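# Chains, contacts and geometry: an overview
Read off the chains here:
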Amino acid sequence: MSGRGSSPKLALLGGTPVRGKAWPQWPARDAEEEEALITALRDGDWGGFPLPNERSATFAAAFAERHDCKHALCVANGTVSLEVALQAMGVESGAEVIVPAYTFEATASAALFAGCVPLFADIDPDTWCIDVESAAALITERTQAIVPVHLAMTVADLDAIGSLAGKHGLAVLEDCAHAHGARWRDRGVGSWGDAGSFSFQSSKLMTAGEGGIVTTSDDATLDRLHALVNCGRQRPSAAEAVPVIGHNYRMTDLQATILEVQLGRLDRQHEIRARNAGRLGAAIEDINGLVNLRIDDRVTTQAIYQFVFRFDSEAFAGLDRDTFVAALAAEGVPADGRFYESLPVSELLRPDPARYPAWSEALARRPAADCPNAERAAYRESVWLPHQLLLGTEADVDDIVEAMLKVQRSAGDLAGLQTAEVERLRQARSAR
Ligand SMILES: Cc1ncc(COP(=O)(O)O)c(C=O)c1O
């Protein structure tokens with residue numbers, strides 16, 4: 001372990017960090033991407049038009065098969081994929097759509113872009129995915145869809161969501177932006193709802209820098225998707241015309257070329273991450289004040305986009321979560337605390353009554369405090385570690401654990417520091 005000889009003084013206070021070495025690089029890439037890109041470049045057929053272009057069609061077919069879906073359509077990113085999926089599933093303008101309060105803002109903003117009204121359900125306190133009872137309490141005659149997010153390293157309870165949706169006639173859109181290749185009861189995520197949405201943004205488990213994809217097994221949904229992402233043009237084999245004004249949300253074939261290579265690596269990376277996550281999770285079990293998220297037994301293949309755990313300040317001399325994260329990062333372990341906000345109070349999602357009157361009214365009817373689990377996760381408990389930290393060796397995992405233990409041993413040295421002082425120390429460290 002590279003940290004064994006390190007000074008007990010916390011790196012945030014000027015000590016030697018546990019970890020000085022670089023972590024595995026992300027995006028992972030090698031000669032395969034280079035060769036594939038050069039071939040595509042020489043070919044001259046770079047774009048997404050005609051839709052689907054050859055490479056994106058090949059990649060989408062492989063991605064659909066990997067997730068047990070009949071179809072997939074590549075799009076520009078994982079925000080527009082949510083937007084067009086809602087529309088293609090038949091969710092009407094003005095309809096209410098239930099989303100979890102703890103997720104990336106795009107899960108909710110995409111519903112707004114589709115003309116809908118997103119309402120926030122709280123999350124399960126142990127899995128941090130949508131709490132189905134909280135979602136059920138939001139259903140009105142205006143509700144048409146529910147959007148579970150498979151958060152970070154787990155899968156939302158697709159059985160309970162399916163039953164709820166079936167009972168109330170709701171469409172289900174799975175937000176799988178974190179969950180490429182994950183399986184629930186040995187069937188791919190993105191195949192349980194009416195559609196699934198994935199992101200290929202640069203931090204994600206597969207990436208082309210940007211990009212997204214929608215999965216579905218419904219032919220009519222695919223026909224509508226085609227028109228929506230291709231300026232209203234009809235899918236050549238569409239059963240009937242889809243009269244919509246569509247965007248240009250096409251993905252380029254250069255991106256699809258990279259993604260085909262990345263899909264080929266996914267299973268091997270899953271194995272490495274799962275093995276290292278097992279080691280890290282076992283170590284966390286033994287650290288007072290750190291708690292693993294509960295992973296449901298029905299998650300038969302786990303995709304780990306970020307390793308997430310819960311932090312309890314009492315076991316760390318009363319340090320708040322953000323100070324713990326700053327201290328961990330100073331020890332050389334990239335970590336984030338406020339990775340996501342609680343969306344009802346997010347600064348990126350301020351309701352603008354002039355532009356979104358129905359949404360603003362709906363939010364006013366429901367106090368933000370109705371999502372206490374999301375608040376606690378966002379502002380007090382959550383610690384997020386990027387997945388590439390788990391793409392290396394057991395010794396890398398041991399460095400993460402040693403950094404956590406070091407911060408715990410010396411937590412008293414940071415107790416009582418004000419937020420501004422922690423920020424000053426953090427900046428001073430990163431300027432070195
Ligand atoms: C849960 C979730 N949904 C949607 C998105 C939007 O994806 P993109 O950044 O590709 O637009 C992201 C990622 O950034 C995400 O994490």
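Scroll up a little and you will see the structure.
Residues numbered from 1 in each chain as written. Predicted model: local features only at pLDDT ≥ 70, side-chain atom pairs only at ≥ 80, totals over all residues. Heavy atoms only, no water.

### Description of the overall build of the protein
A tally of helices and strands in the protein yields 13 helices and 13 strands. Principal-axis analysis of the C-alpha atoms gives the protein an extent of 70 × 55 × 40 Å. In the protein, buried positions account for 56% of the 432 residues. Within the protein, contacts between residues separated by at least 24 positions form 72% of all contacts whose residues are at least 6 apart in sequence. Per element, the accessible surface of the protein, about 17700 Å² overall, is 50% carbon and sulfur. Averaging the positions of the 41 positive and the 60 negative side-chain charges in the protein gives two centres separated by 4 Å. (Helix = DSSP H or I, 4+ residues; strand = E, 2+ residues; numbered from the N terminus. Buried < 20%, exposed > 50% of the residue type's maximum accessible area, 1.4 Å probe, protein only. Contact = heavy atoms within 4.5 Å. Areas by Shrake-Rupley, 256 points an atom, 1.4 Å probe, with all protein chains shown as cover. Lys, Arg positive; Asp, Glu negative; His and termini not counted. Charge placed at Lys NZ, Arg CZ, Asp CG, Glu CD.)

### Observations regarding helix 10 (residues 357–365)
Considered for burial, the residues of helix 10 that qualify are W359, S360, A362 and L363. Seen end-on, helix 10 carries its buried residues on one side only, within an arc spanning 165°. Facing away from the buried side of helix 10 by over 90 degrees, the exposed positions are E361, A364 and R365. Tucked into the core, helix 10 has its buried residues touching helix 4 (105–113) and strand 3 (117–121). (Arc of directions from axis to C-beta.)

### Focus: the pairing of strand 9 (residues 212–216)
Most of strand 9 is tucked away: five of the five residues are buried. By the alternation rule, side chains of strand 9 split into G212, V214 and T216 and I213 and T215, which are all buried. Note that strand 1 (residues 71–75) and strand 9 share five bridges and pair antiparallel. When the bridges of strand 9 are listed, A72 appears paired with T215. Where strand 8 (residues 195–199) lies against strand 9, four bridges are found, and the strand directions are antiparallel. (Pairing = 2+ DSSP bridges.)

### Considering the packing of aromatic side chains
Ring pairs (aromatic) are described by centroid distance and by the angle formed between their planes. Evaluation of the coordinates by the stated rule reveals 17 aromatic pairs. Ring geometry for Y102 versus W128: centroids 5.8 Å apart, planes at 80°, classification edge-to-face. Of the two residues, Y102 is situated in the loop between strand 2 (96–100) and helix 4 and W128 in the loop between strand 3 and helix 5 (132–136); the sequence distance between them amounts to 26 residues. Under the relative-accessibility criterion, W128 is labelled buried at 1%. Ring centres 6.4 Å apart and planes at 50° place the aromatic pair F307 and F309 in the tilted group. By relative accessible area, F307 is classed as buried at 2%. Residue classification places F309 among the buried positions, given a relative accessible area of 0%. An aromatic cluster is present here, built from Y102, F104, W128, Y305, F339, Y340 and W384 joined pairwise through their rings. Of note, R19 hangs over the ring of W23, and the distance from its end group to the ring centre comes to 3.8 Å. Positioned above the aromatic ring of W192, the side-chain terminus of R187 is 4.0 Å from the ring centre. (Phe/Tyr/Trp six-rings, centres within 6.5 Å; stacked < 30°, edge-to-face > 60°. Lys NZ or Arg CZ within 6 Å of the ring centre and 35° of its normal.)

### Structural notes on the sheet that holds strand 11 (residues 299–301)
Reading across the sheet, the three strands line up as 7-6-11 and stay open at both edges, with antiparallel pairing between neighbours. Each end of this open sheet is capped by a strand with a single partner; those strands are strand 7 (187–188) and strand 11.

### What to know about the pattern of salt bridges
In this structure the tally under the stated criterion is 28 salt bridges. D322 is paired through a salt bridge with R321; the nearest N and O atoms lie 2.7 Å apart. Residue D322 is classed as partly exposed on the basis of its relative accessible area of 37%. A salt bridge links E421 to R424; its shortest N-O distance comes to 3.0 Å. Taken together, the positions of E421 and R424, both in helix 13 (residues 419–430) and three residues apart, correspond to about one turn of that helix. Here the salt bridges do not stand alone but share partners, grouping D157, D159, R185, R294, D296 and R298 into one network. (Salt bridge = Lys/Arg side-chain N within 4 Å of Asp/Glu carboxyl O.)

### Concerning the site of the ligand
The environment of the ligand is formed by 17 residues, the closest being G78, T79, D175, S199 and K204. At 2.8 Å, a side-chain N or O of D175 approaches a nitrogen atom of the ligand. Between the ligand and Y340 there is a distance of 2.9 Å, counted from an oxygen atom to a side-chain nitrogen or oxygen. When isolated, the ligand has an accessible area of 380 Å², and the protein chains bury 92% of it. Across the shell around the ligand, the residue classes tally to six nonpolar, nine polar and two charged. (Near = heavy atom within 4 Å. Polar contact = N/O pair within 3.5 Å; in protein donor to acceptor, adjacent residues only side chain to side chain. Nonpolar A, V, L, I, M, F, W, Y, C, P; charged D, E, K, R; others polar.)

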